[in-house]
Amino acid sequence: MLTTLITGIYALNFMFFGDCYVIGGDGCFTLLSNDAAEGTQAWGNGGPETGFNGLLMFGVTLSTLLMLNEGAKGMWRMMIPVIIGTAAMTYSVVVNGDFTDASEAPKYMVPLVLVIYSAAYYFLMGEGVNEGIENWFGGIKVEDKIAMVSLVLLVLMGLFYSLRMIIDPAGVIEDGEIALNYVSGSDGMGVPSDATVGVSGSLILIYTLWAANVLFEGPTGKWTIMHPSAFGWIAVTVSIYVGLVAGNVRNISDGNQMDIIAAPLVMLLVLLSYYRLKDEGMEDGMTVLGEPAEGDVFSTGALMMALVLGALFALNEIFMV
């Protein structure tokens, strides 16, 4: 519950108020602030990347909420990737973070979330959280060829993006550097920090490991990890298109444009895999608040989430600018 609260607050703040967060809340609304003052190295930098991180945190928060509502049995599939990703995030924040002119809260909150979440995993062993863990990785266990290719692409793309961002965030920033892109200002379009890029990679790693689990353990009952993944990438895609209209998305360099294309592609691959694998048991045992699901719950939920998020992002751009 505590990790859900912490990640949920950060996710919502970054999703909707990331641009304000990176300017220390100067003249705008934000739930949390980096406490940077104008003219310092942390002010006005990495707004779009901070927003992206919030969107991916949103999906991770949904995964924890799902576990709280549906039970812990077999949820190692969800929890171990989150632990690995949060460990990588801790490395990125503690080792690469420069908090000279900014709040040090992330340097302590990320390791705290790692400790709390890992402790929860340990204490849930008595509730069957590790059920089925012995069956992981026996080769590719997806029969549908289109779904298999989709999942392989998700894993390869995820590893490409996440490992570069975690291991060499400065190189990732340099590859995309264009003077017009990295001008510090009240719109937050200044250069993101190494830590911010590393956090992006750490979150992408979680989604990559979720896709790998479906590929190597099989699709039966994997709605538990595919729902948060799909909702997370739907949120990213909706945010990108609203941001393109509002003009707060980096879209000048070739690298920026490739990233803009990659996010909706990932969403489509996740959705394609999900629907193609229904016949292989993707929705076996699916519940809603502990009760057997009736009807096409996922499609209804995904559509409603896209519409609600689209409206919220649009209203945020209209009233919070």
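In this convention, every chain numbers its residues from 1, walking through the sequence in written order. Given that this is a predicted model, residues contribute local features only at a pLDDT of at least 70 and side-chain atom pairs are listed and counted only at 80 or more, while totals for whole chains, interfaces and linings are drawn from all residues. Calculation of side-chain values draws on the structure's entire complement of heavy atoms; hydrogens and water are dropped beforehand.

### A word on the overall build of the chain
Which entries qualify depends on this criterion: Note on conventions: DSSP H or I runs of at least 4 residues are helices, E runs of at least 2 residues are strands, and numbering of each starts at the N terminus. Only C-alpha atoms enter the radius of gyration; for comparison, a globular chain is expected to reach 2.2 Å times N to the power 0.38, where N is the number of residues. Between buried and exposed lies partly exposed: a residue is buried under 20% and exposed over 50% of the maximum accessible area for its type, with that area taken using a 1.4 Å probe on protein chains only. Only heavy atoms matter for contacts: two residues are in contact if any of them lie within 4.5 Å across the pair. Positive charges come from Lys and Arg alone, negative charges from Asp and Glu alone, with His and the N- and C-terminal ends not counted. For the purpose of locating charges, the reference atoms are NZ of Lys, CZ of Arg, CG of Asp and CD of Glu.
Within the chain one finds 10 helices and 2 strands. Starting at the N terminus, the α and β elements of the chain follow one another as α-α-α-α-α-α-α-α-α-β-β-α. For the chain, whose C-alpha radius of gyration is 19 Å, the value lies close to the compact-globule estimate of 20 Å for 321 residues. Here the C-alpha coordinates of the chain stretch approximately 55 × 40 × 35 Å along the principal axes. In the chain, buried positions account for 54% of the 321 residues. A fraction of 77% describes how many contacts in the chain between residues 6 or more apart in sequence connect residues 24 or more apart. Distance from the positive charge centre (10 side chains) to the negative charge centre (31 side chains) of the chain: 12 Å.

### Describing the nonpolar core
Quick note on the threshold: As used in this record, nonpolar core signifies buried Ala, Val, Leu, Ile, Met, Phe, Trp, Tyr and Cys residues forming a set joined through side-chain atoms within 4.5 Å.
Grouped together as the largest cluster of nonpolar side chains are 93 residues, with contacts concentrated most on Phe 58, Met 78, Leu 151, Leu 203, Trp 233, Leu 309 and Phe 313. Not counting the four nearest positions on each side in its chain, Phe 58 is found in contact with Ala 11, Met 15, Phe 231, Ala 235, Met 305 and Leu 309.

### Observations regarding the packing of aromatic side chains
Cut-off, in case you're wondering: Stacked, tilted and edge-to-face pairs are distinguished by plane angle, under 30 degrees for stacked and over 60 for edge-to-face with tilted covering the rest, among Phe, Tyr and Trp rings (Trp via its six-membered ring) whose centres lie within 6.5 Å.
Scanning the entire structure with this criterion turns up 15 aromatic pairs. On the basis of an interplanar angle of 75° and a centroid distance of 5.4 Å, the ring pair of Tyr 122 and Phe 123 is categorised as edge-to-face. Note on Tyr 122: relative accessible area 54%, which makes it exposed. Each residue in the set Phe 16, Phe 17, Phe 29 and Phe 313 is aromatic and connected to the rest through ring pairs, giving one cluster.

### What to know about the state of the cysteines
The test is simple: Here, two cysteine sulfur atoms that lie within 2.5 Å of each other are counted as a disulfide.
Following the criterion strictly, the structure yields 1 disulfide and no others. The side chain of Cys 20 participates in a disulfide bridge whose partner is Cys 28; the two sulfur atoms lie 1.9 Å from each other. Disulfide Cys 20 to Cys 28: torsion about the S-S bond roughly 95°, handedness right-handed. The partly exposed category is assigned to Cys 28, whose relative accessible area is 28%.

These results come straight from atomic positions and should not be treated as a statement about function.
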